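# Report on the structure
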Amino acid sequence: MIRMDADKPIKTETGPAHVLTMEDWSVDAIHKLLEKAQWFADHPEKLPLQRLYAANLFFEPSTRTKLSFEAAERNLGLDLLHFEADTSSVIKGESLYDTVKTLESIGADVVVIRHDRDRFFEELTEKLNIPIINGGDGCGHHPTQSFLDLLTIRQEFGTFSNVNIVIAGDIFHSRVARSNLDVLERLGANVYVSGPKEWMGDELEKRWLPMDEAVETADVMMMLRIQHERHTVKMAAGPDEYHKRFGLNEEKAARMKPDAVIMHPAPVNRNVELADTLVESDRSRIFKQMKNGVFVRMAVLRHVLEKQKGCLNQ
Amino acid sequence: MIRMDADKPIKTETGPAHVLTMEDWSVDAIHKLLEKAQWFADHPEKLPLQRLYAANLFFEPSTRTKLSFEAAERNLGLDLLHFEADTSSVIKGESLYDTVKTLESIGADVVVIRHDRDRFFEELTEKLNIPIINGGDGCGHHPTQSFLDLLTIRQEFGTFSNVNIVIAGDIFHSRVARSNLDVLERLGANVYVSGPKEWMGDELEKRWLPMDEAVETADVMMMLRIQHERHTVKMAAGPDEYHKRFGLNEEKAARMKPDAVIMHPAPVNRNVELADTLVESDRSRIFKQMKNGVFVRMAVLRHVLEKQKGCLNQ
Amino acid sequence: MIRMDADKPIKTETGPAHVLTMEDWSVDAIHKLLEKAQWFADHPEKLPLQRLYAANLFFEPSTRTKLSFEAAERNLGLDLLHFEADTSSVIKGESLYDTVKTLESIGADVVVIRHDRDRFFEELTEKLNIPIINGGDGCGHHPTQSFLDLLTIRQEFGTFSNVNIVIAGDIFHSRVARSNLDVLERLGANVYVSGPKEWMGDELEKRWLPMDEAVETADVMMMLRIQHERHTVKMAAGPDEYHKRFGLNEEKAARMKPDAVIMHPAPVNRNVELADTLVESDRSRIFKQMKNGVFVRMAVLRHVLEKQKGCLNQ
């Protein structure tokens, strides 16, 4: 599953110049990025990047992703250009390309974009000279969320090999699940899925475990957020019924392996996919994931700026 | 009226770890904070706090309070995480607690919150490890507004003892009035009220003065903003009628004591509670109050961060 | 056309203390400002202004102007107070004057304002002690847009004397056109107009050229944006028809003089006033204009702060 593009050796070795999808990242490049993120985690005295500008273009609401990028940018010493989607010329009908080209002209050195259009970035990377970081596109990719999940697992188990990971819930509508499933398998983990069978594509059937078996198999239970706002198919069961049948409650959590952990991309629907009392339990790594989000975004920003500028090697 | 919690001696001596209500502040702690604010007023060369993050969560519209906090934060060298209530995950139904916990995880060192729910902060301070500053809750408290009023009076008279203060107007719906009345009395001032009698609770009746007597008694006329947007009881009189009967106009201002001053939390409804021409008159301290707002917020931020971090003593 | 106010000699020599309209600027003062902007263009190592605050008050949507000011401010080392028009006390009915006076009290050293009221700034400059920069008022003035157009022309031809400039399109509704026409003529350029005759006032008739003659005459084709959102008079022709008759397409561009260039204030309505393929063609200076926008705004900010503070001479 690793891409072996003989004609793009540098890309395969050191990671792509933009950060768009996890498929663009070789196992080697992923490991290098995680090491860099861990280095930031271990060294609170961060190296500031002087006089470089980042702009965060969030065309969909977000707290944690936007602020996490902002914290990462400020931690690195980057300056911000405060783009506001709802008062921008985009409402006069300006295209995304023209908007980003404007930001480049004004002085942005890197742009982070969340947009509801799948693969919004394709037109941009062809024609722009600054790196683009995908902060989430449509139902597609969300690479920095994947990276933070990976860093959290790596901190926990020191490896991905033969770690049993169950992704549970609304996989069909989850950016996180799609990005994670492939990359975790590439890194050597055993990936299972759980949740309502009607939410799984056919190709996931062979990985499916009933919830009772899932909790006993998993080293990591990756619970997904029920995306009420995206659901086209009606939920057969109400929230209480869902919680009982497919959610993780205290009774099921008690049957998990001693060192197994619970992850969730947040925000949590408390008592739907995950019991309220488990969110801050000993097994939970949910707030650890948020902290790691800042470190991987620092690593990702540093990565693309180093590729671009060629002179920021620490 | 001073809280003598024998089991919380440090709190009583040096002020609380969060800034939530004026009741939590002993007279001693109030004086200490005002001295600190005055120190900032006197020393334009401010000490920067490196690599600390503040986040301002304003769930209600505000110009002066939000920007005043922002100026105070930047003056101290704090960095900002730009939270925007209207594009945050709160609109996906995330709780205030989960939102603030996220900010803590991402790296916020102090959080300022304005929220329309009374005592919104109670759940937060129990469970979070970063200080919360109340930027205004419901119809309840607004401690930094109280502190700036106090600093302004202290600059004017050098003391609170036997200073005659008249709070005039819509006391029932005013955050400022509630916080101020108690604390001014605790500090030794003589506090009176004026304005429409139907806007006073029964317990205020004994302090009530008719406007004609109030202007001759006051060292400080604290005019309140008519909160049109909060009023549940209809105003008996229109704005003109209100101005004539309960507002402060030039004719009444002329009868004030020679050194008496006019204060107002702003924004002013010009020619309703206060005549247009008095807003920037010699007696007015309205823009001085705004300047002092930045100094007290610097002092408040420094106070909570010192309590938290234990190492920022200048 | 130069204002020779004998009683305001300093203003005429060094430019006004506020930046409001191009009429306030003498030819001398314009040249001085352009030299300063060019100096910033030539010296990427910019001089930071420590501990000074700028506030950008944009009461109308904008991407490029707001972010361009922000980049200019940050490049100079100014700090920002983040004013948000839509959550400010302005929605409680506070006047623009009271809002800006508040910002001054809180610590703003310079304020940039875009507002839909013509000459919104008149009341402000009389009564405030900080400089105001006009970021666009009503259908009236937009001086920093004019300055960036001027800098771009100056970089291209080294002079304005006898440069043939055609302003084409919706001159009647364009801030840019109004500000530019007068000032270009004052600087020695030959200014023509083109586009639908019904969009020209009578006083422009003598400058009017048909599009076919305009493209052969021009050293600079300044294409204007069709302001769909401002148009009170219905466009006689649809966008395709407009493009054919009054827009600039490849066929017409091919007939321009060898060194002639295309300018546009952006955002472009692609294939209406300007062919898609010309936006990033060799003749286009559109993205150069955006870069220059940051340099002229740096120069303008430095100019007003030097006038105000009297001590920032480099």
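What counts, and at which threshold
Along each chain, residues carry numbers from 1 onward, in the same order as the chain's sequence is written. Lettering for chains starts from A, numbering for ligands starts from 1, and both go in the order in which the items are written. Under the rules for a predicted model, residues below a pLDDT of 70 receive no local features and side-chain atom pairs below 80 are neither given nor counted, while totals for whole chains, interfaces and linings still include all residues. No hydrogens and no water enter the side-chain calculation; it runs on all heavy atoms of the structure. Numbering goes from the N terminus for both helices and strands, where a helix is a DSSP run of H or I of at least four residues and a strand is a run of E of at least two. Relative accessibility decides the category of a residue: with a 1.4 Å probe and only protein chains considered, values under 20% of the type maximum give buried, values over 50% give exposed, and everything between is partly exposed. The contact definition used throughout considers only heavy atoms, calling two residues in contact when any of these lie within 4.5 Å. The method behind every accessible area is Shrake-Rupley, applied with a 1.4 Å probe, and residues are considered shielded solely by the protein chains displayed. Should a side-chain nitrogen of Lys or Arg be within 4 Å of a carboxyl oxygen of Asp or Glu, the pair is scored as a salt bridge. Each of two parts loses accessible area, computed with a 1.4 Å probe, when they are put together; buried area is these two losses added. Copies are brought into register by a least-squares superposition over C-alpha atoms of residues with pLDDT of at least 70 in both. Between the rings of Phe, Tyr and Trp (Trp by its six-membered ring), a pair exists once the centres lie within 6.5 Å; its type follows the angle of the planes, with under 30 degrees stacked, over 60 edge-to-face, and the other angles tilted. The rule is short: NZ of Lys or CZ of Arg within 6 Å of the ring centre and within 35 degrees of the ring normal puts a charge over the ring. In protein, a polar contact means a hydrogen-donor-capable atom and an acceptor-capable atom, both N or O and within 3.5 Å, with residues adjacent in sequence counting only if both atoms are side-chain atoms; elsewhere, any N or O pair within 3.5 Å suffices. Two kinds of site are reported from a 1 Å grid over the protein atoms alone, namely cavities, where a 1.4 Å probe fits but cannot get out, and pockets, open sets with protein on both sides within 12 Å along at least five of seven lines, and residues are called lining when an atom falls within 4 Å of a point. Grid points are joined across faces, edges and corners, and a volume is the space filled by probe spheres set on the points. When residues are grouped by polarity, Ala, Val, Leu, Ile, Met, Phe, Trp, Tyr, Cys and Pro land in nonpolar, Asp, Glu, Lys and Arg in charged, and all others, Gly among them, in polar. UniProt positions are given in the numbering used here, feature names are shortened, and annotations may be inferred rather than shown by experiment. Between any two strands, at least two bridges found by DSSP are needed for them to pair. Under this scheme, a helix contributes an axis fitted over its contacting stretch, all axes are lines through C-alpha atoms, and angles between N-to-C directions fall in the 0 to 180 degree range. Note: the arc covers the axis-to-C-beta directions of the helix. One less than the residue count of a helix, multiplied by 1.5 Å, gives the span that helix is expected to have.

## Digging into the overall build of chain A
Secondary structure summary: chain A contains 11 helices and 8 strands in total. In chain A, buried positions account for 63% of the 314 residues. Considering only contacts in chain A between residues 6 or more positions apart, those separated by 24 or more positions represent 71%. When the accessible surface of chain A is summed, it comes to about 12,000 Å², and 49% of that surface belongs to carbon and sulfur atoms.

## Regarding the pattern of salt bridges
Here the structure, examined in full by the defined rule, presents 48 salt bridges over all chains. Here Lys101 of chain A makes a salt bridge to Glu104 of chain A, at a shortest N to O gap of 3.4 Å. Taken as a pair, Lys101 of chain A and Glu104 of chain A lie in helix 4 (residues 96–106) at a separation of 3 residues, close to a single helical turn. The exposure class assigned to Lys101 of chain A is buried, which follows from its relative accessible area of 11%. Taking the shortest distance from any N to any O, the salt bridge between Glu251 of chain C and Arg255 of chain C comes out at 3.2 Å. On the accessibility criterion, Glu251 of chain C (48% relative accessible area) is partly exposed. On the accessibility criterion, Arg255 of chain C (28% relative accessible area) is partly exposed.

## Overview of the interface of chain A and chain B
If you look at the interface, chain A gives 24 residues, while chain B gives 23 residues. Of the roughly 2,200 Å² buried at the junction of chain A and chain B (both faces included), carbon and sulfur atoms supply 49%. Considering only the side of chain A, the residues that lose the most area to chain B are Thr63, Leu67 and Arg74 of chain A, jointly responsible for 23% of the buried surface there. Where chain A meets chain B, there are 4 salt bridges.

## A word on the relation of the copies chain C and chain A
Of the transformation superimposing chain C on chain A, the axial component is 0.0 Å and the angular component is 120 degrees, with the fit at an RMSD of 0.0 Å. With respect to symmetry, the two chain copies, as superposed, fit the operation of a three-fold axis. Of the C-alpha atoms belonging to chain C, the one lying closest to the rotation axis is found on His82 of chain C, 5.3 Å away.

## Points about the packing of aromatic side chains
Note on aromatic pairs: each is described by the distance of the centres and the angle between the planes. Tallying each qualifying case throughout the model produces 9 aromatic pairs over all chains. An angle of 50 degrees between the planes, with centres 5.4 Å apart, marks the rings of Tyr242 of chain C and Phe246 of chain C as tilted. Within this pair, Tyr242 of chain C and its partner Phe246 of chain C are both found in helix 9 (residues 239–246), separated by 4 residues, close to a single helical turn. Among the residues examined, Tyr242 of chain C registers a relative accessible area of 3% and is labelled buried. The exposure class assigned to Phe246 of chain C is buried, which follows from its relative accessible area of 13%. A cation over a ring is seen here: Lys101 of chain A above Phe287 of chain C, with NZ or CZ 5.0 Å from the ring centre.

## Considering the environment of Gly135 of chain A
Residues and elements named next belong to chain A. Of note, Gly135 is situated in strand 4 (residues 132–137). Through-space distance from the C-alpha of Gly135 to that of Leu57 is 8.8 Å; in sequence the pair is 78 residues apart. In this view, Gly135 contacts Thr65, Phe69, Val112, Ile113, Arg114 and His142; residues no more than four positions away in its chain are not counted.

## Some thoughts on the interface of chain C and chain A
Facing the 22 residues of chain C at the interface are 22 residues of chain A. Each partner contributes to the roughly 2,200 Å² buried at the junction of chain C and chain A, and carbon and sulfur atoms together form 49% of this total. By the criterion of area lost to chain A, the three top residues of chain C are Thr63, Leu67 and Arg74 of chain C, representing 24% of everything that side buries. Along the contact surface separating chain C from chain A lie 4 salt bridges. Note that Asp98 of chain A is salt-bridged to Arg270 of chain C, the shortest N-O span being 2.5 Å. One can count 9 residue pairs in polar contact (both at pLDDT 80 or more) joining chain C with chain A.

## As for empty space enclosed by the protein
On inspection of all chains with the given rule, the structure shows 16 cavities of 30 Å³ or more. What the largest cavity holds in volume is close to 350 Å³. As for the largest cavity, its lining consists of 30 residues, of which His82 and Glu84 of chain A, His82 and Glu84 of chain B together with His82 of chain C are closest to the centre. Tallied by class, residues from the lining of the largest cavity come to 15 nonpolar, 6 polar and 9 charged.

## Considerations on the UniProt feature "binding site: L-aspartate" (unreviewed entry) in chain A
All names here are of chain A. If you check UniProt for "binding site: L-aspartate" (unreviewed entry), the listed places come out as Lys92, Arg175 and Arg225 in our numbering. Positionally, Arg225 belongs in the loop between strand 7 (220–223) and helix 9 (239–246). For Arg225, the side chain forms a polar contact with the main-chain oxygen of Pro267, separated by 2.8 Å.

## Focus on the sheet that holds strand 5 (residues 164–168) of chain A
Residues and elements named next belong to chain A. The 4 strands are arranged 6-5-7-8 in an open sheet whose pairing can be described as parallel. Either end of the sheet is taken by a strand with one partner, and the two such strands are strand 6 (190–194) and strand 8 (261–263). Averaged over all neighbouring strand pairs, the angle between strand axes comes to 20 degrees, with direction disregarded. Pairing geometry for strand 5 and strand 7, over 4 bridges, is parallel. Bridged to Ile165 within strand 7 is Val220. Against the sheet, helix 6 (residues 143–157) contacts strand 5, strand 7 and strand 8, and its axis sits at roughly 170 degrees relative to strand 8.

## Points about the sheet that holds strand 3 (residues 110–115) of chain A
Residues and elements named next belong to chain A. Across the sheet, which stays open at both edges, the 4 strands sit in the order 2-1-3-4 with parallel pairing between neighbours. Where the open sheet ends on each side, the last strands, each with one partner, are strand 2 (79–81) and strand 4. Pairs of neighbouring strands in the sheet enclose a mean axial angle of 20 degrees, with direction left out of account. Note that strand 1 (residues 53–58) and strand 2 share 3 bridges and pair parallel. Looking at strand 2, one finds that Tyr53 is bridged to Asp79. Packed on one face of the sheet, helix 4 meets strand 1, strand 2, strand 3 and strand 4 and runs near 160 degrees to strand 1.

## Examining the relation of the copies chain A and chain B
Rotating chain A by 120 degrees and moving it 0.0 Å along the rotation axis overlays it on chain B with an RMSD of 0.0 Å. Interface overlap between copies is the fraction of interface residues in one copy that are interface residues in the other; for chain A against chain B it is only 12%, indicating separate surfaces.

## Describing the pairing of strand 5 (residues 164–168) of chain C
Residue and element names in this part refer to chain C. Burial runs high along strand 5: 5 of the 5 residues are buried. The side-chain alternation of strand 5 yields two buried faces, one formed by Asn164, Val166 and Ala168 and the other by Ile165 and Ile167. Bridge count between strand 5 and strand 6 (residues 190–194): 5 bridges; the pairing is parallel. Paired with Val166 across the two strands is Tyr192, which belongs to strand 6.

## Observations concerning helix 9 of chain A
Residue and element names in this part refer to chain A. For helix 9, the set of buried residues is Tyr242, His243 and Phe246. The buried side chains of helix 9 occupy one side of the element, clustering within an arc of 105 degrees when seen end-on. In helix 9, the exposed residues that point more than 90 degrees away from the buried face are Asp240 and Lys244. The inward-facing, buried residues of helix 9 contact helix 8 (211–217), strand 7 and helix 10 (250–253).

## Considerations on helix 3 (residues 64–75) of chain A
Residues and elements named next belong to chain A. With 12 residues, helix 3 should cover 16 Å at 1.5 Å per step; its first-to-last C-alpha distance of 16 Å lies within 8% of that length. Counting buried positions along helix 3 yields 12 of 12 residues, so the element is predominantly enclosed. All of the buried residues in helix 3 are Arg64, Thr65, Lys66, Leu67, Ser68, Phe69, Glu70, Ala71, Ala72, Glu73, Arg74 and Asn75. Just downstream of helix 3 lies Gly77, where phi reads positive at about 90 degrees.

## Considering unusual backbone geometry
Between Ala266 of chain A and Pro267 of chain A the backbone carries a cis peptide bond, its omega angle lying at 0 degrees. By the element assignment, Pro267 of chain A lies in the loop between strand 8 and helix 11 (286–309). Within the chain, Asn162 of chain B stands out as a residue other than glycine whose phi angle is a positive 60 degrees. Assignment of secondary structure puts Asn162 of chain B in the loop between helix 6 (143–157) and strand 5 (164–168). A relative accessible area of 58% places Asn162 of chain B in the exposed class. Here the phi dihedral of Ala266 of chain B falls at roughly 65 degrees; this positive angle occurs in a residue that is not glycine.

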